[in-house]
Each structure stands twice: as C-alpha cells, then as structure tokens.
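A closer look at the structure
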Amino acid sequence: QQQVKQSPQSLIVQKGGISIINCAYENTAFDYFPWYQQFPGKGPALLIAIRPDVSEKKEGRFTISFNKSAKQFSLHIMDSQPGDSATYFCAATFSGSARQLTFGSGTQLTVLP
Amino acid sequence: ETGVTQSPTHLIKTRGQQVTLRCSSQSGHNTVSWYQQALGQGPQFIFQYYREEENGRGNFPPRFSGLQFPNYSSELNVNALELDDSALYLCASSRGELAGGRETQYFGPGTRLLVL
C-alpha cells in the first residue's frame with residue numbers, strides 16, 4: 001500500500017530530446033506528489049510537485065502529468081540538456097503519515113551532448 | 001542549495017560502535033525528518049521530529065533514535081552499528097502542519113556512513 005513504483009531504472013536521451021519518467025502508486029490516501037533531482041554526492045533537491053486535484057503542472061522545461069483514476073504520474077523534461085543528467089526520484093506522501101515521503105526507486109538519466 | 005546543513009559529511013565506523021549525526025534545519029522550519037539512502041536506492045523514512053517530540057517512525061529498529069533541540073536542530077543516533085547501516089543519511093526540514101507546508105521537505109547534503 002505504501003509502495004511507489006518507478007520506471008525506467010535508467011534512461012539515455014539525446015540533447016534536445018524529451019525525457020519521460022513514470023511512477024505508479026497504490027495508496028489512494030496519498031495527496032502530494034513531489035519529484036526530486038539528485039546529483040552524485042548531494043542530497044535530493046525538490047524539482048516540482050503536484051496535488052491530485054490537478055492533472056498537469058508545468059514549471060519551465062519540467063511538467064508533471066497526473067492521472068488520478070490510473071494512480072499514475074509522470075515527469076516530462078522537455079529540451080533535455082546534459083546538465084539534467086542526474087537521478088530522479090518520484091515520491092508521495094499523505095497527512096496521516098507524519099508527512100513521510102515514500103520514494104520510488106529512482107531513474108538515472110543521462111543526456112548525451 | 002537549501003538551508004539545511006549536516007555534519008559530518010563522511011564517517012567511518014566499525015561494527016558494534018555507536019554514531020551521532022547532526023542536522024540544522026532551514027530557517028523558519030520546525031520539523032525535521034531523517035532518511036536512510038542505501039546505494040542505488042531511494043531514501044527510506046526513519047523518523048520525524050516536531051517540537052522536540054518524535055512524530056512518526058518508519059520501519060527501523062529502536063537502535064535508531066533521535067533528538068530535536070529547542071532551536072529545531074536534530075541528531076540521529078545509531079547504536080550497535082551493523083554493516084547494512086552503511087548508507088547516506090539525509091535530513092530534511094519542513095514547516096509545521098499549521099503553516100500548511102510540512103509536505104514540502106528540503107534535504108541537506110547528507111552524511112555518508114561506512115561501517116566496516
């Protein structure tokens with residue numbers, strides 16, 4: 001019930017391409033879905049987040065698409081750049097859980113120049 | 001860069017020893033959560049402190065304990081270290097629930113612990 005499943009495990013994209021990372025969840029109590037970006041040796045940095053009452057949220061080149069009925073959400077990175085090469089984690093939380101974040105297993109994104 | 005700081009950055013211990021990790025929360029944040037991130041995996045929730053009280057705990061044994069101080073900084077203590085405790089330990093701070101922002105957590109750079 002607490003699990004968040006993330007795919008793919010790794011992704012290689014050409015510069016300028018679109019990177020798409022998908023996540024699925026089971027617990028319908030989740031009410032906040034952030035995405036984090038992590039570079040080697042660093043802590044995760046909040047990238048963008050969405051609540052389930054919205055189907056899409058866009059910030060710059062990053063877009064979250066949310067499908068409440070399918071219990072799925074995805075991150076789209078438009079015009080991917082080599083500097084976007086990092087590990088991306090989806091996460092989910094709900095108010096009855098001390099707001100603990102349940103993370104996906106991560107996607108290692110490599111953007112080729 | 002968030003305003004969350006952690007110390008030390010790296011630590012090497014031997015099995016059976018005890019370790020204390022420290023975290024200073026971002027200004028204005030009164031809630032601190034700790035996570036363990038094993039190599040190649042997503043972070044796993046250890047526990048959270050709010051107003052100096054434990055406010056939630058993940059699936060970790062009692063040898064993982066913590067403290068929060070009046071200035072909202074926090075410590076993570078791990079007793080009887082095991083080889084599997086080798087990981088990156090992350091601290092995240094957030095505003096209190098009444099401020100409507102606890103769900104947004106900001107992470108520090110982590111402490112890399114190696115248990116030999």
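Please read all numbers here as calculations on a predicted model, not as lab measurements.

There is about 450 Å³ of room inside the largest pocket. Together, 23 residues line the largest pocket, and Gln 38, Thr 87 and Phe 89 of chain A together with Gln 37 and Gly 40 of chain B are the ones closest to its centre. In the lining of the largest pocket, the residues fall into eight nonpolar, 13 polar and two charged. Of the pockets and cavities examined, the second largest pocket occupies roughly 380 Å³.

The next point concerns the interface of chain A and chain B. Each partner contributes residues to the interface: chain A has 18 residues there, and chain B has 21 residues. When chain A packs against chain B, the two sides together hide about 1,500 Å² of surface, and 56% of this comes from carbon and sulfur. Our enumeration of links across chain A and chain B arrives at zero salt bridges. There are five residue pairs in polar contact (both at pLDDT 80 or more) connecting chain A and chain B. Of the residues that constitute the side of chain A that touches chain B, the class distribution is eight nonpolar, seven polar and three charged.

Further remarks concern the packing of aromatic side chains. Taken as a whole and judged by the stated rule, the model has 19 aromatic pairs over all chains. Judged by centre distance (4.8 Å) and plane angle (50 degrees), the ring pair of Phe 33 of chain A and Phe 66 of chain A falls under tilted. Separated by 33 residues along the polypeptide, Phe 33 of chain A in strand β4 (residues 33–38) and Phe 66 of chain A in strand β7 (residues 62–67) bring together distant segments of the chain. With relative accessibility at 7%, the residue Phe 66 of chain A sits in the buried group. Plain terms: the ring middles of Phe 47 of chain B and Tyr 49 of chain B are 5.4 Å apart, the flat faces sit at 85 degrees to each other, and that makes the pair edge-to-face.

Before going further, it helps to spend a moment on the state of the cysteines. A complete count under the given rule lists two disulfides over all chains for this structure. What pairs with Cys 23 of chain A in a disulfide is Cys 90 of chain A, and their sulfur atoms sit 1.9 Å apart. Negative torsions about the S-S bond denote left-handed disulfides, and the value of about -95 degrees found for Cys 23 of chain A with Cys 90 of chain A makes this one left-handed. Here Cys 23 of chain A is found in strand β3 (residues 19–25), whereas its partner Cys 90 of chain A is found in strand β9 (residues 86–92), with 67 residues between them in sequence. Linked covalently through their sulfurs, Cys 23 of chain B and Cys 91 of chain B form a disulfide whose S-S length is 1.7 Å. Looking along the S-S bond of the Cys 23 of chain B-Cys 91 of chain B disulfide, the torsion reads about -50 degrees, which is the left-handed sense. With a gap of 68 residues between them, Cys 23 of chain B in strand β3 (residues 19–24) and Cys 91 of chain B in strand β9 (residues 87–94) connect regions that are remote in the sequence. Residue classification places Cys 23 of chain B among the buried residues on the basis of a relative accessible area of 2%. Residue classification places Cys 91 of chain B among the buried positions, given a relative accessible area of 0%.

On to the pattern of salt bridges, then. Residue and element names in this part refer to chain B. For the structure shown, the criterion picks out eight salt bridges over all chains. Here Arg 57 ties to Glu 54 by a salt bridge, and the two come within 3.2 Å at their closest N and O atoms. Judged by its relative accessible area of 39%, Glu 54 falls in the partly exposed class. Among the ionic pairs, Asp 85 bridges to Arg 63, the shortest N-O distance being 2.8 Å. With Asp 85 in the loop between β8 (74–78) and β9 and Arg 63 in the loop between β6 (53–57) and β7 (64–68), the pair connects residues that are 22 residues apart, well separated along the chain. Taking relative accessible area as the criterion, Arg 63 reaches 16% and is therefore assigned buried. Beyond isolated ion pairs, a larger network of salt bridges with shared partners links Arg 63, Glu 82 and Asp 85.

Analysis parameters
- Residues numbered from 1 in each chain as written.
- Chains lettered and ligands numbered in written order.
- Predicted model: local features only at pLDDT ≥ 70, side-chain atom pairs only at ≥ 80, totals over all residues.
- Heavy atoms only, no water.
- 1 Å grid on protein atoms, 1.4 Å probe; cavity = no way out; pocket = protein on both sides within 12 Å on 5 of 7 lines; lining within 4 Å.
- Points joined across faces, edges and corners; volume = space filled by probe spheres on them.
- Nonpolar A, V, L, I, M, F, W, Y, C, P; charged D, E, K, R; others polar.
- Contact = heavy atoms within 4.5 Å.
- Buried area = accessible area lost by both parts, 1.4 Å probe.
- Salt bridge = Lys/Arg side-chain N within 4 Å of Asp/Glu carboxyl O.
- Polar contact = N/O pair within 3.5 Å; in protein donor to acceptor, adjacent residues only side chain to side chain.
- Phe/Tyr/Trp six-rings, centres within 6.5 Å; stacked < 30°, edge-to-face > 60°.
- Helix = DSSP H or I, 4+ residues; strand = E, 2+ residues; numbered from the N terminus.
- Buried < 20%, exposed > 50% of the residue type's maximum accessible area, 1.4 Å probe, protein only.
- Disulfide = S-S within 2.5 Å.

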